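Observations on the model geometry
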Number of protein chains: 2
Amino acid sequence: MLTRTTHLFDDATRVTAGDSRWQGQTSDDYWAFVGPFGGITAATILRALIEHPERSGDPLSLTVNYCAPIAQGAFDLDVRLVKANRSSQHWCVELTQGGGEVATIATAVFAERRPSWSHQPAEFPQAKPFEQILPYPRIKASWANQYDFRFIEGYPDFSGVKPGEPASAYSKLWMADRVPRKIDALSLISMSDAFFARIFHARRELMPFGTVSLTTYFHIGADDLVAEDISRVLAVADAKIFHRSYGDQNGELWSPSGRLLATTTQIAYFKA
Amino acid sequence: MLTRTTHLFDDATRVTAGDSRWQGQTSDDYWAFVGPFGGITAATILRALIEHPERSGDPLSLTVNYCAPIAQGAFDLDVRLVKANRSSQHWCVELTQGGGEVATIATAVFAERRPSWSHQPAEFPQAKPFEQILPYPRIKASWANQYDFRFIEGYPDFSGVKPGEPASAYSKLWMADRVPRKIDALSLISMSDAFFARIFHARRELMPFGTVSLTTYFHIGADDLVAEDISRVLAVADAKIFHRSYGDQNGELWSPSGRLLATTTQIAYFKA
């Protein structure tokens with residue numbers, strides 16, 4: 001008997017095509033505390049665009065604004081090609097549930113990645129091999145357990161704020177799917193939001209937190225990413241400021257071979 | 001006779017209110033080589049949102065996707081409140097001309113900036129005082145001449161690529177309006193796009209270039225920014241990668257007093 005085994009990630013980001021309206025559904029496997037993991041929502045939106053018959057080119061940038069919590073269950077994606085150029089496309093996607101208000105709005109750019117002068121000033125972060133680091137243990141949020149996080153620097157410590165200086169918000173870690181899966185653009189967008197909140201690191205404690213807006217740029221062509229043939233990335237993230245209930249995050253996702261695959265930034269709400 | 005003198009920047013970003021459709025017009029004073037300076041377009045969009053009667057809270061994030069060149073003349077802004085929450089708002093703005101295709105699409109988040117725990121891990125860049133540095137000379141693009149750029153590091157050198165390593169893409173400079181104007185959120189979004197292209201620095205030459213997507217986060221409440229009462233910012237920008245016709249930029253805009261006012265990132269097309 002033939003058993004088809006789909007990766008949980010692909011199940012969770014599955015979409016059903018419509019003309020301009022696509023359907024998806026939340027996944028209990030990628031659930032955060034009050035709604036779906038933001039990375040899986042972003043990946044589902046990106047999947048709808050990548051699978052869209054009018055799509056051409058590779059993902060270049062994606063911005064996702066999380067407007068309201070998404071309830072467990074089905075949702076609709078209103079997918080619109082805003083403008084098509086000779087070598088790039090601009091898209092807008094709105095996520096709604098049951099004909100209600102917009103819960104997530106995203107804009108994306110796709111582009112033909114033509115050969116050009118190439119230069120990577122960013123420095124590849126030094127890291128101990130993946131195999132030599134223990135995975136971060138399972139936690140209550142199901143989404144985090146779908147990933148294999150191996151911390152090189154900035155291991156999460158929730159023992160509380162120490163007197164004096166806040167702790168560092170910097171982390172360096174290997175990220176892989178717990179069940180190995182080849183890294184594609186969907187992985188990269190999801191992993192962009194898979195860092196623990198910078199405020200948890202800086203304050204050494206958990207608190208109410210939510211990503212408000214996430215932007216990721218893709219620095220590799222889809223063909224090159226296939227050729228990399230990798231199942232993990234080396235990831236770094238840091239924050240520049242926490243102020244008046246909002247803080248930022250900026251991060252990089254690297255191929256083990258030393259290629260910068262994606263850069264990401266986000267602004268997030270926190271209560272502290 | 002009473003003469004009312006409006007700053008060129010405010011002229012250039014003037015908008016006329018409609019219900020959901022607002023009007024603006026390009027400005028010859030902020031013209032780039034093939035269309036309006038992207039920063040002035042972003043500032044005009046932000047102005048329409050700030051002046052919108054339904055707007056509440058301060059700008060938190062703005063993403064602008066430049067889809068097509070904007071022709072000289074009038075344009076329409078289709079301004080839509082996508083989702084309003086108790087303490088935040090999500091907006092979408094589409095710029096069109098003469099009922100044609102979308103030339104620019106933007107999403108924005110506004111938020112009430114409530115008091116919270118505050119921490120600024122980013123380090124204030126050291127800089128010589130503004131007064132001790134000569135302004136960058138006037139150039140052909142009119143927009144650049146509306147600004148007073150005073151370079152501390154990464155002075156533009158367009159003498160061509162040297163053999164060996166590409167030049168640094170890093171710049172540190174003071175930015176002010178040539179005719180002094182108090183820094184507000186509109187200044188910050190415009191200045192976010194006022195760095196010279198990173199590829200010009202890395203290659204030491206000019207070439208076809210265009211910002212594709214720009215994201216800026218605001219890290220200061222509007223009231224605090226008024227209280228800063230400044231007419232210039234200390235700005236730094238760098239790039240992480242140039243690859244297959246696209247390169248990134250990340251930057252910071254600082255108050256002279258050492259407050260991080262805004263962080264910005266963009267992905268841009270180049271031909272080299």
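Please read these numbers as outputs of a predicted model, since none were measured by experiment.

**What about the interface of chain B and chain A?**
Contacts between the two partners involve 65 residues from chain B and, on the opposite side, 65 residues from chain A. Interface area for chain B against chain A, summed over the two sides, is near 5,800 Å², with a carbon-plus-sulfur share of 55%. On the chain B side of the contact with chain A, Trp117(B), Lys240(B) and Arg244(B) bury the most area, a combined 15% of that side's loss. Between chain B and chain A we count 10 salt bridges in total. Here Glu101(B) and Lys83(A) are joined by a salt bridge, their closest N and O atoms 2.6 Å apart. Scanning the region where chain B abuts chain A turns up 43 residue pairs in polar contact (both at pLDDT 80 or more). In the side of chain B that touches chain A, the residues fall into 28 nonpolar, 21 polar and 16 charged.

**Examining the relation of the copies chain B and chain A**
Here chain B sits on chain A after a turn of 180 degrees about the axis and a move of 0.0 Å along it, with an RMSD of 0.0 Å. Look at the turn and shift together and you get a two-fold axis relating the two.

**Brief notes about unusual backbone geometry**
Residues and elements named next belong to chain A. Positive phi values are uncommon outside glycine, yet Arg204 reaches one of about 55 degrees. What makes Arg204 partly exposed here is its relative accessible area of 23%. The backbone of Ser245 sits at a positive phi, close to 80 degrees, despite the residue not being glycine. Locating Ser245 in the fold gives a position in the loop between β10 (242–243) and β11 (246–254). Given the relative accessible area of 6%, Ser245 is considered buried.

**Some details on the pairing of strand β3 (residues 74–84) of chain B**
Residue and element names in this part refer to chain B. Bridge count between strand β1 (residues 21–25) and β3: 5 bridges; the pairing is antiparallel. Looking across to β3, one finds that Trp22 is bridged to Leu77. Pairing between β3 and strand β4 (residues 88–96): 8 bridges, direction antiparallel. Looking at the pairing, Asp76 lines up with Thr96 of β4. Linking β3 back to β4 in an antiparallel pair, the connection comprises 3 residues.

**Details of the environment of Asp238(A)**
All names here are of chain A. Within the element layout of this structure, Asp238 appears in strand β9 (residues 232–238). Spatially, the C-alpha atom of Asp238 lies 4.4 Å from that of Tyr170, the residues being 68 residues apart in sequence. Those residues in contact with Asp238 that sit more than four places away from it in its chain are Ala169, Tyr170, Arg198, Asp248, Gln249 and Asn250.

**Comments concerning the packing of aromatic side chains**
Residue and element names in this part refer to chain B. Within this structure, the stated rule accounts for 42 aromatic pairs over all chains. Ring centres 6.4 Å apart and planes at 90 degrees place the aromatic pair Phe130 and Trp174 in the edge-to-face group. Here Phe130, found in the loop between β5 (102–111) and α3 (142–145), pairs with Trp174, found in strand β7 (residues 171–177); they are 44 residues apart in sequence, far enough to count as distant. Relative to Phe196, the ring of Phe151 lies with its centre 6.2 Å away and its plane at 50 degrees, an arrangement referred to as tilted. Residue Phe151 is found in strand β6 (residues 147–153), and its partner Phe196 is found in the loop between α4 (185–192) and α5 (198–203); the two are separated by 45 residues along the sequence.

**A short note on the pattern of salt bridges**
Residue and element names in this part refer to chain A. Counted according to the given criterion, the structure contains 38 salt bridges over all chains. A salt bridge links Arg232 to Glu131, with the shortest nitrogen-to-oxygen separation between them at 3.2 Å. Taken as a pair, Arg232 in strand β9 and Glu131 in the loop between β5 (104–111) and α3 (142–145) lie far apart in primary sequence, 101 residues in all. Note that Asp224 and Arg259 form a salt bridge whose closest N and O atoms lie 3.7 Å from each other.

**Quick word on the state of the cysteines**
Note on terminology: a disulfide is the covalent bond linking the sulfur atoms of two cysteines. One pass over the full model with this rule turns up 0 disulfides over all chains. The closest cysteine sulfur to the non-disulfide-bonded Cys92(A) is located on Cys92(B), 4.9 Å from its own sulfur. With no disulfide partner, Cys67(B) has as its closest neighbouring cysteine sulfur the one in Cys92(A), 9.9 Å distant. Of the residues examined, Cys67(B) reaches a relative accessible area of 4% and is grouped as buried.

**Quick notes on helix α2 (residues 38–50) of chain B**
In this model α2(B) runs 18 Å from its N-terminal to its C-terminal C-alpha over 13 residues, within 8% of the 18 Å that 1.5 Å per residue would give. Every buried residue belonging to α2(B) is among Gly38(B), Gly39(B), Ile40(B), Thr41(B), Ala42(B), Ala43(B), Thr44(B), Ile45(B), Leu46(B), Arg47(B), Ala48(B) and Leu49(B), and all of these are buried.

Calculation rules
- Residues numbered from 1 in each chain as written.
- Chains lettered and ligands numbered in written order.
- Predicted model: local features only at pLDDT ≥ 70, side-chain atom pairs only at ≥ 80, totals over all residues.
- Heavy atoms only, no water.
- Contact = heavy atoms within 4.5 Å.
- Buried area = accessible area lost by both parts, 1.4 Å probe.
- Salt bridge = Lys/Arg side-chain N within 4 Å of Asp/Glu carboxyl O.
- Polar contact = N/O pair within 3.5 Å; in protein donor to acceptor, adjacent residues only side chain to side chain.
- Nonpolar A, V, L, I, M, F, W, Y, C, P; charged D, E, K, R; others polar.
- Least-squares fit on C-alpha atoms with pLDDT ≥ 70 in both.
- Buried < 20%, exposed > 50% of the residue type's maximum accessible area, 1.4 Å probe, protein only.
- Helix = DSSP H or I, 4+ residues; strand = E, 2+ residues; numbered from the N terminus.
- Pairing = 2+ DSSP bridges.
- Phe/Tyr/Trp six-rings, centres within 6.5 Å; stacked < 30°, edge-to-face > 60°.
- Disulfide = S-S within 2.5 Å.
- Expected span 1.5 Å × (residues − 1).

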